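# Coordinate inspection notes
Residues per chain, in single letters:
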Amino acid sequence: MSFVTGVGLTSYGKHEGLSSLDLMSKAAELAISDAGLKRSEIDGILCGYSTVSPHIMLATVFAEHFGIRPAYAHAVQVGGATGLAMTMLAHHLVDAGVAKHVLVVGGENRLTGQSRDASIQALAQVGHPDYEVTLGPTIPAYYGLVATRYMHEYGLTQADLAEFAVLMRKHALTHPGAQFHEPITVADVMASKPVAMPLKLLDCCPVSDGGAACVISREPTGERQVRVRGCAQAHTHQHVTAAPALSELGAEISIAKAKDVSGVAIPDVRYAAVYDSFTITLAMLLEDLGLAGRGEAAARVRAGYFNQDGEMPLNTHGGLLSYGHCGVGGAMAHLVETHLQMIGRAENRQVRDASVALLHGDGGVLSSHVSMFLERVR
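These notes cover the structure that comes with them.

What counts, and where the lines are drawn
- Residues numbered from 1 in each chain as written.
- Predicted model: local features only at pLDDT ≥ 70, side-chain atom pairs only at ≥ 80, totals over all residues.
- Heavy atoms only, no water.
- Phe/Tyr/Trp six-rings, centres within 6.5 Å; stacked < 30°, edge-to-face > 60°.
- Helix = DSSP H or I, 4+ residues; strand = E, 2+ residues; numbered from the N terminus.
- Buried < 20%, exposed > 50% of the residue type's maximum accessible area, 1.4 Å probe, protein only.
- Lys NZ or Arg CZ within 6 Å of the ring centre and 35° of its normal.
- Axes fitted to C-alpha atoms, helices over the stretch in contact; angles between N-to-C directions.
- Contact = heavy atoms within 4.5 Å.
- Nonpolar A, V, L, I, M, F, W, Y, C, P; charged D, E, K, R; others polar.
- Pairing = 2+ DSSP bridges.
- Core = buried A, V, L, I, M, F, W, Y, C linked by side-chain atoms within 4.5 Å.
- Parallel < 35°, antiparallel > 145°, perpendicular 65-115°, else oblique.
- Polar contact = N/O pair within 3.5 Å; in protein donor to acceptor, adjacent residues only side chain to side chain.
- Salt bridge = Lys/Arg side-chain N within 4 Å of Asp/Glu carboxyl O.
- Expected span 1.5 Å × (residues − 1).
- Arc of directions from axis to C-beta.

## Overview of the packing of aromatic side chains
According to the stated counting rule, one finds five aromatic pairs in the structure shown. For the pair Phe62 and Phe66, a centre-to-centre distance of 5.3 Å together with 15 degrees between the ring planes defines the contact as stacked. Of this pair, Phe62 and Phe66 both sit in helix α2 (residues 58-66), separated by four residues, roughly a single helical turn. The exposure classification of Phe62 matches that of Phe66, with both residues buried. Between Tyr305 and Phe306, the ring centres sit 5.0 Å apart and the planes meet at 90 degrees, which makes this aromatic pair edge-to-face. The positively charged end of Arg294 is found above the aromatic ring belonging to Tyr154, 5.6 Å away from the centroid.

Structure, rendered in structure tokens:
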């Protein structure tokens, strides 16, 4: 058993003069304070990677920078799934009695601390070194290939994909920490610059500076209690050239396992936090997870199903597409927002009921998946 006892999140966008360690420290300090703890009470640290500061011992480098001496330290790297993978590991660590309070943290100054070319080159390395990287594709190109196939098989259109970008932007407008606060329309998305067709600029998440953190504890530290009910992973492939059929990707595997270990069914879920690096990512994952039928997620967006006041509120902070994406911290912002919703502290974004939440992270090109259920105990 474990509890999410504290969360911390910086604004995303430009943070001139702050390093990855600085941004991680800001988020970590907020999370520890939120949990009602002192730094000295943190006995475990899980740290995500940084492409700007690719140190081979980043977890202990951060511990020294932050001023803690944990009994357990580990760095984790599974792409965009890293944030939830670390949270899952922290859950198992405290449940096994290895640590009492584990700090989970990620952050990067990817926007101001890394050139565009360096960022593209670093991210492109998810491709196969012989069969893919040598041909020059970028991350958007890989997802563009997946989008083309998915659209062919299930009848999605570019206008359908645009609906997800519009929804995320609408939600970001209500969060002061979001990178983007200008409303957009389907027409705006359709008219934005092509990046890797069918994906256009507004179908893609931005590059951001930012940090996010949470504390996972063996016992609650406050009156408001959010428990990790169950979680699971799946890793079907690394490279898109080795990916299975679109109907056999890891999200379906991880969600099935998570439902089994938690005893939670999709109809029990009241709030969803789903990885959205691209509009096609969000469309596919919503359908893989059972939050919409095949080819039906866009229609649900149009109908208001995923709105803040809808039947299944989704990424109410704006997601990666509009709150921002700073590497590992990108998806961790989903966890922070979920916790705030569950304990009734989401302010003007507060939904009616977030008593049971589903979170899902995706790393690589739909390669690594983590599904997690949280429940409000009281």
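## Quick notes on unusual backbone geometry
Cis geometry is found at the peptide bond from Met197 to Pro198, where omega equals 10 degrees. A positive phi angle is found at Asn315, which is not glycine, with a value near 45 degrees. Of note in this structure, Leu366 is not a glycine but carries a positive phi near 55 degrees. On the secondary structure map, Leu366 appears in the loop between β10 (356-363) and β11 (368-376). Here Leu366 falls in the buried class, since its relative accessible area comes to 1%.

## Overview of the packing of helix α3 (residues 82-95) against helix α12 (residues 328-342)
Interhelical geometry of α3 versus α12 gives an angle of 60 degrees and a closest axis separation of 7 Å. Contacts between α3 and α12 involve Thr82, Gly83, Met86 and Thr87 from the former and Val328, Met332 and Leu335 from the latter. Residue composition of the contact of α3 with α12, grouped by class: four nonpolar, three polar and no charged.

## Re the pairing of β11
Most of β11 sits inside the fold, with eight of its nine residues counted as buried. In terms of strand pairing, β10 meets β11 through eight bridges, oriented antiparallel. If you follow Val356 over to β11, its bridge partner there is Glu375.

## Details of the nonpolar core
Val274, Ile280, Leu286, Leu291, Phe306 and Leu314 are the most contacted members of the largest nonpolar core, which has 52 residues in total. Elements that contribute at least two residues to this core include exactly α5 (139-154), α6 (158-172), α8 (250-262), β9 (271-274), α9 (279-288), α10 (297-302), α11 (319-323) and β10. Contacts of Phe306, omitting those with residues within four sequence positions, involve Leu167, His171, Leu286, Leu291, Ala297, Arg300, Val301, Met312, Pro313 and Leu314. Core analysis: the second largest hydrophobic core is formed by 46 residues, Met86, Ala99, Ala333 and Met372 among them.

## Observations concerning the packing of α6 against α9
The N-to-C vectors of α6 and α9 enclose an angle of 100 degrees; their axes lie 8 Å apart at closest approach. In terms of orientation, α6 and α9 fall into the roughly perpendicular class. Residues Leu161, Phe164, Ala165 and Met168 of α6 form the contact with α9, whose participating residues are Thr279, Ile280, Leu282, Ala283 and Leu286.

## Overview of the environment of Leu103
Tracing the sequence through the fold places Leu103 in strand β4 (residues 101-109). Given a relative accessible area of 0%, Leu103 falls into the buried group. Residues Leu103 and Ile42, spaced 61 residues apart in sequence, show a C-alpha to C-alpha distance of 6.6 Å. Once residues lying within four places of it in the same chain are set aside, the contact partners of Leu103 are Ala28, Ile32, Ile42, Gly44, Ile45, Leu46, Phe62, Phe66, Ala213, Cys214 and Val215.

## Concerning the side chain of Asp288
With respect to the secondary-structure elements, Asp288 resides in helix α9. Look at Asp288 and you get buried, because its relative accessible area is 5%. Reaching out from Asp288, the side chain makes a polar contact with the side chain of Arg294 at a distance of 2.7 Å. In this view, Asp288 contacts Leu246, Leu249, Ala251, Glu252, Ile255 and Arg294; residues no more than four positions away in its chain are not counted.

## Quick word on the side chain of Thr82
Mapped onto the fold, Thr82 is located in helix α3. Owing to a relative accessible area of 0%, Thr82 belongs among the buried residues under this scheme. Within the local environment of Thr82, its side chain forms a polar contact with the backbone nitrogen of Val78, the two atoms lying 2.9 Å apart. Each residue touching Thr82, except ones within four places of it in the same chain, is listed here: Gly48, Tyr49, Val76, Gln77 and Val328.

## Brief notes about the pattern of salt bridges
Scanning the entire structure with this criterion turns up 13 salt bridges. Note that Arg345 and Asp34 form a salt bridge whose closest N and O atoms lie 2.8 Å from each other. A residue pair is termed long-range when its members are at least 10 positions apart, and Arg345 in the loop between α12 and β10 and Asp34 in helix α1 (residues 20-34) qualify at 311 residues. Taking relative accessible area as the criterion, Asp34 reaches 24% and is therefore assigned partly exposed. Among the salt bridges present, the one from Glu375 reaches Arg229, with a minimum N-O distance of 3.0 Å. Of this pair, Glu375 sits in strand β11 while Arg229 is found in strand β8 (residues 226-235), placing the two residues 146 residues apart along the sequence. Using a relative accessible area of 29% as the deciding quantity, one classes Arg229 as partly exposed. Here the salt bridges share partners, and the residues they tie into one network are Asp160, Glu163 and Arg302.

## What about α8?
Compared with the 18 Å implied by 1.5 Å per residue over 13 residues, the 18 Å span of α8 between its first and last C-alpha is a close match. Within α8, burial applies to Gly250, Ala251, Ser254, Ile255, Ala258 and Ser262. The buried residues of α8 occupy an angular sector of 125 degrees when projected down its axis, which confines them to one face. In this structure, the buried side of α8 is in contact with β8, α9, β10 and β11. Note on α8: the residue one or two positions beyond its end, Gly263, has a positive phi of about 75 degrees.

None of this, on its own, says anything about what the molecule does.
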